[in-house]
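What follows is the residue order along each chain.
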Number of protein chains: 2
Amino acid sequence: MTQHQEIERKFLLKWLPKDWKHHRSMRIIQGYFPVAGKELEIRLRHKGARYFLTIKGGQGRRRSEEEIPVSAAQFRALWPFTGRAHVAKRRYEIACRGHTLEIDVYEGPLHGLKTAEVEFDSERESHSFQPPSWLGREITGVRRYANQQLARRGLPRRRPQK
Amino acid sequence: MTQHQEIERKFLLKWLPKDWKHHRSMRIIQGYFPVAGKELEIRLRHKGARYFLTIKGGQGRRRSEEEIPVSAAQFRALWPFTGRAHVAKRRYEIACRGHTLEIDVYEGPLHGLKTAEVEFDSERESHSFQPPSWLGREITGVRRYANQQLARRGLPRRRPQK
C-alpha cells in the first residue's frame, strides 16, 4: 500500500544552503488533470526515470494518496490531457537536524521559487522542529503554494517584505 | 501499449438471445472521478477479479484510452472519490455472425437496460455488419447512453415507440 497519512511542514527559502548543488537531486515534471471539486487531485508525474499517476483525495485526516506506476508510453499518451497545468522542478534531498529536507527549485514560469518540505512521524515531532536560518516564511497548508495551484495559476504575488 | 483506436457500434436490445445465460460472463463495476470538460474520462473499474484505472481523452480519431492495472487495495482506497457516479452490470460475450457481441445487462438503478457492443477492424467491416433480429435501436455515439452519463444521470427516458 502506498496510502499514508502525511504530517509535513513547508517553507519558502531565504537562500539555498551551502553546497546545495552537490546533494542528491532528481528532476520532477508533473501535470494535473482537470478535475471538478477541491478535494480531488489527479497528477501525472515523471520523477527521475520513473512515471506515476497519483490520486489524492479527501481532507485532513481522511486524506489519502495512491501512487500508481505507469509506463513511459502511458505517460506520453496521457500528458496532453493535463493541458497547460504543469510544474517542472529539481528536488534536492538535504539532511538537516535529523530530518531530510526536500528542497524544490522550480523551473520555467515558476523560476525563482524555492521551497522546502519536511516530513514527520508525529505531530509532536513536527512542532519541535527548529527551522535552520536559511528557511523563510512557513507555507504549510497555504493553498496557493500547492503544486496544483502553482501549475494552474503560476507564481503567487510576493507579499511586501517587512 | 493499451492505446488503440476503437471502431464500434452499439445497440439497445429488443430481447436477449436464446441461451444468453450460458455464455461466458463477467461482472463489471465502474465509478467515474469528477473531471472538468467533456473530453476527459477517468474511470475506476472492477472487472472479474481485476482492477483498473482507465483514462480516456480526446475526440474522434485523436481519442486515446489508457488502461492501468491497480491493486485491490488501491481500488478500495480510490473508490470513495468516484462519489455516486457508479455503474454495475454483467457482461456476456456472445459470438454472432463472425463477431463477438458484448452484451451488458445493467443492475441496480439501471436495471432493465441491456446494450450490445460490437468492435470492428475497419470502417468498412463496421458498415457491412447486419444486426440480428434481437438487436434494436442503434445508439452508437449517443452520449446519454455512454456509461459515464448513465452513471451520473441514470436511465435515459424512453422515447415513445412508434
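Source: prediction; values computed, not measured. (Residues numbered from 1 in each chain as written. Chains lettered and ligands numbered in written order. Predicted model: local features only at pLDDT ≥ 70, side-chain atom pairs only at ≥ 80, totals over all residues. Heavy atoms only, no water.)

Some thoughts on the pattern of salt bridges
All names here are of chain A.
Thought 1: On inspection of all chains with the given rule, the structure shows 13 salt bridges over all chains.
Thought 2: One salt bridge connects K89 with D104, and the closest N-O pair in it is separated by 2.9 Å. Note that K89 is positioned in strand β6 (residues 86-96) and D104 in strand β7 (residues 99-106), a separation of 15 residues in sequence. The pair K89 / D104 is uniform in exposure class, with both members buried.
Thought 3: Note that R91 is salt-bridged to E102, the shortest N-O span being 3.3 Å. Placement of the pair is R91 in strand β6 and E102 in strand β7, with a sequence separation of 11 residues. (Salt bridge = Lys/Arg side-chain N within 4 Å of Asp/Glu carboxyl O. Helix = DSSP H or I, 4+ residues; strand = E, 2+ residues; numbered from the N terminus. Buried < 20%, exposed > 50% of the residue type's maximum accessible area, 1.4 Å probe, protein only.)

Examining the interface of chain A and chain B
Thought 1: Each partner contributes to the interface: chain A provides 24 residues, whereas chain B provides 24 residues.
Thought 2: One can count zero salt bridges joining chain A with chain B.
Thought 3: At the surface where chain A touches chain B, the tally comes to four residue pairs in polar contact (both at pLDDT 80 or more).
Thought 4: When contributions to the side of chain A that touches chain B are tallied by element, the ones reaching two or more residues are β3 (40-47), β4 (50-57), β5 (64-69) and α1 (72-78) of chain A.
Thought 5: Broken down by element, the residue count for the side of chain A that touches chain B peaks at five residues, all from β5(A).
Thought 6: Of the residues in the side of chain A that touches chain B, the class split is 16 nonpolar, six polar and two charged. (Contact = heavy atoms within 4.5 Å. Polar contact = N/O pair within 3.5 Å; in protein donor to acceptor, adjacent residues only side chain to side chain. Nonpolar A, V, L, I, M, F, W, Y, C, P; charged D, E, K, R; others polar.)

Observations regarding the sheet that holds strand β7 (residues 99-106) of chain B
Residues and elements named next belong to chain B.
Thought 1: Spatially, the nine strands line up as an open sheet ordered β5-β4-β3-β2-β6-β7-β8-β1-β9, and their pairing is antiparallel. Of all the strands in the sheet, the pair left with one neighbour each is β5 (64-69) and β9 (135-138). The mean angle between the axes of side-by-side strands here comes to 30°, regardless of whether they run parallel or antiparallel.
Thought 2: Pairing between strand β1 (residues 8-13) and β9: two bridges, direction antiparallel. Residue F11 lies in a different strand from β9, and its bridge partner there is E138. (Pairing = 2+ DSSP bridges. Axes fitted to C-alpha atoms, helices over the stretch in contact; angles between N-to-C directions.)

Quick word on the confidence of the model for chain A
Thought 1: For chain A, the mean per-residue pLDDT works out to 91, and 92% of the residues sit at or above 70.
Thought 2: Across the predicted assembly, pTM comes out at 0.84 and ipTM at 0.77. (pLDDT = per-residue confidence, 0-100.)

Looking at the sheet that holds β4(A)
Hydrogen bonds between backbone groups are what pair the strands of a sheet, and the pairing can be parallel or antiparallel.
All names here are of chain A.
Thought 1: Taken together, nine strands build an open sheet; the order of strands is β5-β4-β3-β2-β6-β7-β8-β1-β9 and the sheet is antiparallel. Among the strands making up the open sheet, the edge pair consists of β5 and β9 (135-138). The mean angle between the axes of side-by-side strands here comes to 30°, regardless of whether they run parallel or antiparallel.

Re the environment of T82(A)
All names here are of chain A.
Thought 1: Inspection of the secondary structure puts T82 in the loop between α1 and β6.
Thought 2: T82 sits in the buried class, given a relative accessible area of 3%.
Thought 3: Separated by 38 residues in sequence, T82 and L44 place their C-alpha atoms 8.0 Å apart.
Thought 4: Filtering out sequence-adjacent residues up to four positions away, T82 remains in contact with G31, Y32, F33 and L44.
Thought 5: Within the structure, the side chain of T82 is placed 2.5 Å from the backbone oxygen of W79, a separation counted as a polar contact.

So, the relation of the copies chain A and chain B
Thought 1: Superposition of chain A onto chain B requires a rotation of 180° combined with a translation of 0.0 Å along the rotation axis, giving an RMSD of 0.0 Å. Here the copies are linked by what is in effect a two-fold axis. If distances are taken from each C-alpha of chain A to the rotation axis, the shortest is found for V35(A), at 1.9 Å. (Least-squares fit on C-alpha atoms with pLDDT ≥ 70 in both.)

Describing the environment of E65(B)
Thought 1: Here E65(B) lies in strand β5.
Thought 2: C-alpha separation for the pair E65(B) and R50(B), spaced 15 residues apart in sequence, amounts to 18 Å.

Let's talk about the pairing of strand β6 (residues 86-96) of chain B
All names here are of chain B.
Thought 1: Where strand β2 (residues 25-32) and β6 come together, seven bridges link them in antiparallel fashion. The residue of β6 that forms the bridge with R27 is R90.
Thought 2: Once β6 ends, the chain turns through two residues before running back antiparallel as β7, passing R97 with a positive phi of about 50°.

Digging into the packing of aromatic side chains
Residues and elements named next belong to chain A.
Thought 1: The final tally for this structure, using the stated rule, is 10 aromatic pairs over all chains.
Thought 2: With a centroid separation of 6.2 Å and 50° between ring planes, the pair formed by F11 and F129 is classed as tilted. With F11 in strand β1 (residues 8-13) and F129 in the loop between α2 (123-128) and β9, this pair connects stretches of sequence that are 118 residues apart.
Thought 3: Taking relative accessible area as the criterion, F11 reaches 1% and is therefore assigned buried.
Thought 4: For F129, a relative accessible area of 5% translates into the label buried. (Phe/Tyr/Trp six-rings, centres within 6.5 Å; stacked < 30°, edge-to-face > 60°.)

Thoughts on the nonpolar core
Thought 1: Counting residues in each nonpolar core, the largest one holds 26 residues, and the members touching the most others are F33(A), I42(A), L53(A), F33(B), I42(B) and L53(B).
Thought 2: Elements represented by at least two residues in this core include exactly β3, β4 and α1 of chain A together with β3 (40-47), β4 (50-57) and α1 (72-78) of chain B.
Thought 3: The contacts of F33(A), once residues within four sequence positions are left out, are I42(A), L44(A), L53(A), L78(A), F81(A), T82(A), Q148(A), R152(A), L40(B), I42(B) and I55(B). (Core = buried A, V, L, I, M, F, W, Y, C linked by side-chain atoms within 4.5 Å.)

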